[in-house]
Each structure stands twice: as structure tokens, then as C-alpha cells.
Amino acid sequence: MRTTENTVRSLPDIAKEAQPHVAGALDWVGMGEIQVPVSISNADGRTVQSGARVTAFVNLAQPDARGIHMSRLYLHVDKSLSNEPLTPCSLRRLLKDFLDSHAELSDRALIRIAFDHLVRRPALVSDNSGWKSYPIVLTALMERGQFSLELAYEVIYSSTCPCSAALARQLIQERFGEDFARGRPLDYDQVMAWLGSEQGICATPHSQRSSAEIRVKLVQGFELPIIELIDRVENALQTPVQTAVKRVDEQAFARLNGENLMFCEDAARRVQHALAADERIVDFWVRASHYESLHPHNAVAVATKGVTGGYCGGMDPFAPLRR
């Protein structure tokens, strides 16, 4: 019978070998695109699980150290995110684990978690419902003992151009003047039929799918108000895209678009006012992009809370959520 002797072997650790000719501190070192599951506890008590891609970083403050302990970062990420729901507290503990395991090398840690959050949404009128996916990016930072947390997300909505709507109304008025002579009695049934015809409603405004990209810095707390903050933006815009749609729902959506004509500037201000009223938000950055059906380019507006030293109103290259 063959036996295998279990011995402890000393393995080489090249990362500990200093290279004086290439020494230098590094801002960030770590791992990107780590694939793990994440769990989110919703306000209704249900836990939703999604597949996430994680970036885990620490700085390399010791200039003569060749590298960090990559495997330690991975094992901390796997242990934490696989076994407990995402909360500000769990993210703070995870970053502390990063630093404790790199005590001799690092004094700064960061984790970024990107995933799609599925939410079941009811139809506007009918009894149907369907799933909507919201891209979420959570970024947590531990620096000089201070913890900060950013939540970034995107809301897709419909925007109908106010200028185009006014121009369409003018054409309809002109067509009415052509079809119904001034001074002649109007026949109610004839006018009603005209209003329901393509001959009468001869022009329609252009509308398009649009995007509100949001980044918020949250006050210190114990929960992640993901759904609440998504709802706040959708309620401000009034025209979020729908899932299951019957004709009654489509008609209701057409009414909402007609009641909420928006330039990109209008959309950005609506979201700006909604987020400014939320006490859970320390600072925010909003970009409203209307993917014009009239032009081959987009109309874009950016807004911030205006906090000193906070988000910049310029075009931040790190802001887009698309990945």
C-alpha cells in the first residue's frame, strides 16, 4: 500500500525581494474583474443576489517593497461578499481586513463592486409586472482612518422634446384651419373624428430613450438605500421605461410623456432637486443624456450639489457607469 507523506515545504516568495533600481511607492495595486456573488437586502426584507465584478486595491506605500499580497485581497473579497449582505458596515470591515493584512505595506484601501440590480416593477395600469435591471457601482474607500462610500447607478427614461411638441401643435392648428373654415358652424362628431385621425393629428413630437447617470456620496449609516434612491429619481422624472406593457399601459405612458415634456436641462434639474432634498446624501453628480432621435448626437446636461471640494461639474472621465 502506497502512502503519501504530508510535509511542509518552503515556497519561494519573489514579491519580497527588493529591487532598489526600480524602487518607488505606488498609488494603487490590486486585482480587477474578480467575479463573486453579492447579496442586497431590500427595504421589504427580501435578499436579492447578483453576480458582481470587483476591483480590490491597496496602495504600496513602501518604496522598496516589490509587491503586495494579491491572494490576500482575493480571499478577503471572497469570504466577505460570499457570506454576508452588502452594507456600509460590511464594506468597512472588508477594507480594514485589506489594510490589516498589508500593515507593513499599505495605508489606503479601495473596493469597487459593479453589478446589475434586478427589481420587479408593476405596469402602469394593467395587472402585469416585469423585471428591470439597474447597473450599480459601489465604491468604498478607507484613507487615513476615514471611510467613505459612493453609490453610482443609472435610470433609463423617456424624454419628449418641448420644442418639437410646440412645433407639432402649430402644424395641427394649421391643419385644423385648413379643414374647418373660420366662421362656419363646427359639427361635434366631425371634429371628434378629425381629432382621432392621422389627417387631423398630422405631426407628433420626437421622443427618445434617455439616461440619468447618478453618483451619490452617502452619510455614515447601516443600510444601502439603493431602491429608495432609484425611486426618488424615477419619481422626479415621471417617465421611466416600462417592462410589461399592454395597450392601456402604453396609452398611460403616452400621457405621462405629454405631461412631462423635457429638455436634458429640465431632466438634470429635476434630479438635482430630488437628490438635494434627501438627507442621506452628502454630495451628488448627475448626467442627463438624451439620445436624440432628431440628431445623430446626444443632448447632455450635468448637475452637482455644489459642495465645496465635492464633485466637479466638469465632464468627469470616471463617471460613466457603462463597463
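A. Here's a closer look at the layout of surface pockets. Reported here for the second largest pocket is a volume of approximately 320 Å³. Lining the second largest pocket we find Ala165, Ala168, Arg169, Ile172, Ile201, Ala203, Thr204, Pro205, Gly258 and Leu261. Here the lining of the second largest pocket takes four residues from helix H3 (residues 162-179), the largest share from any one element. In the lining of the second largest pocket, the residues fall into seven nonpolar, two polar and one charged.

B. The sheet that holds strand E1 (residues 26-41), seen in detail. Spatially, E1-E2-E3-E4-E5-E6-E7-E8 is the arrangement adopted by the eight strands of the open sheet, whose pairing is antiparallel. Only two strands of the sheet have a single partner each, and these edge strands are E1 and strand E8 (299-304). Across the sheet, the axes of successive neighbouring strands diverge by a mean angle of 15 degrees, strand direction being ignored. Taken together, the 15 bridges between strand E3 (residues 108-122) and strand E4 (residues 129-143) define a ladder with antiparallel strand orientation. Bridge pairing in E4 places Pro122 opposite Ser129. Helix H2 (residues 88-100) rests against strand E2 (47-60), E3, E4 and strand E5 (146-160) of the sheet, and its axis sits at about 155 degrees to E3.

C. Examining the packing of aromatic side chains more closely. In the structure shown here, the tally under the stated rule is four aromatic pairs. Taken together, a centroid distance of 5.3 Å and an interplanar angle of 80 degrees make the contact between Phe176 and Trp194 edge-to-face. Here the residue Phe176 occupies a position in helix H3, and Trp194 occupies one in helix H4 (residues 188-195), the gap between them amounting to 18 residues. Aromatic ring contacts, followed pair by pair, group Phe176, Phe180 and Trp194 into a single cluster. Geometry around Trp28 places Arg108 over its ring, the cationic atom sitting 4.4 Å from the centre. Here Lys217 stacks its cationic end above the ring of Tyr311, 5.0 Å away from the centre of that ring.

D. Broad picture of unusual backbone geometry. Residues other than glycine seldom take positive phi values, yet Glu33 does so here, at roughly 60 degrees. Summarising the element assignment, Glu33 is placed in strand E1. Positive phi, close to 55 degrees, is recorded for Arg144, a residue that is not glycine. Note that Arg144 resides in the loop between E4 and E5.

E. Molecular detail of the nonpolar core. One finds Leu86, Phe98, Ile111, Ile113, Phe115, Tyr153 and Leu275 to be the most contacted residues of the largest nonpolar core, which totals 61 residues. Setting aside its immediate chain neighbours within four residues, Ile111 contacts Val54, Thr55, Val77, Leu91, Leu94, Leu95, Phe98, Leu138, Thr139 and Ala140.

F. Summary view of the pairing of strand E6 (residues 207-218). Of all the 12 residues making up E6, nine are buried; the element is thus mostly covered by neighbouring parts of the structure. Where E5 lies against E6, 11 bridges are found, and the strand directions are antiparallel. Note on E6: the bridge partner recorded for Ser158 is Arg209. In this structure, E6 lies alongside strand E7 (residues 281-290), joined through nine bridges in antiparallel fashion. Looking at E7, one finds that Arg215 is bridged to Trp285.

G. Spotlight on the pattern of salt bridges. For the coordinates displayed, the defined rule picks out 13 salt bridges. Note that Asp231 is salt-bridged to Arg121, the shortest N-O span being 2.7 Å. Pair noted here: Asp231 is in helix H5 (residues 226-237) and Arg121 is in strand E3, with a separation of 110 residues, a long-range link. Since its relative accessible area comes to 24%, Asp231 is described here as partly exposed. Between Glu143 and Arg144 there is a salt bridge, and its shortest N-O distance comes to 3.6 Å. Classification of Glu143 as partly exposed rests on a relative accessible area of 25%. With a relative accessible area of 73%, Arg144 lands in the exposed category.

H. Expanded view of the packing of helix H1 (residues 70-83) against H2. Two elements in contact, H1 and H2, have axes whose closest approach is 10 Å; the angle formed by their N-to-C orientations is 160 degrees. With respect to their mutual orientation, H1 and H2 come out roughly antiparallel. Our pair here, H1 against H2, has a crossing hand that is right-handed. Contacts between H1 and H2 involve Leu73, His76, Val77, Ser80 and Leu81 from the former and Ser90, Leu94, Asp97 and Phe98 from the latter. Across the contact of H1 with H2, the residue classes tally to five nonpolar, three polar and one charged.

I. Representation of the pairing of E5. The buried fraction of E5 amounts to 12 of the 15 residues, a majority that puts the element mostly inside the structure. Pairing geometry for E4 and E5, over eight bridges, is antiparallel. Note on E5: the bridge partner recorded for Ile136 is Tyr153.

Analysis parameters
Residues numbered from 1 in each chain as written. Predicted model: local features only at pLDDT ≥ 70, side-chain atom pairs only at ≥ 80, totals over all residues. Heavy atoms only, no water. 1 Å grid on protein atoms, 1.4 Å probe; cavity = no way out; pocket = protein on both sides within 12 Å on 5 of 7 lines; lining within 4 Å. Points joined across faces, edges and corners; volume = space filled by probe spheres on them. Helix = DSSP H or I, 4+ residues; strand = E, 2+ residues; numbered from the N terminus. Nonpolar A, V, L, I, M, F, W, Y, C, P; charged D, E, K, R; others polar. Pairing = 2+ DSSP bridges. Axes fitted to C-alpha atoms, helices over the stretch in contact; angles between N-to-C directions. Contact = heavy atoms within 4.5 Å. Phe/Tyr/Trp six-rings, centres within 6.5 Å; stacked < 30°, edge-to-face > 60°. Lys NZ or Arg CZ within 6 Å of the ring centre and 35° of its normal. Core = buried A, V, L, I, M, F, W, Y, C linked by side-chain atoms within 4.5 Å. Buried < 20%, exposed > 50% of the residue type's maximum accessible area, 1.4 Å probe, protein only. Salt bridge = Lys/Arg side-chain N within 4 Å of Asp/Glu carboxyl O. Parallel < 35°, antiparallel > 145°, perpendicular 65-115°, else oblique. Left-handed = near helix turned anticlockwise from the far one by under 90°.

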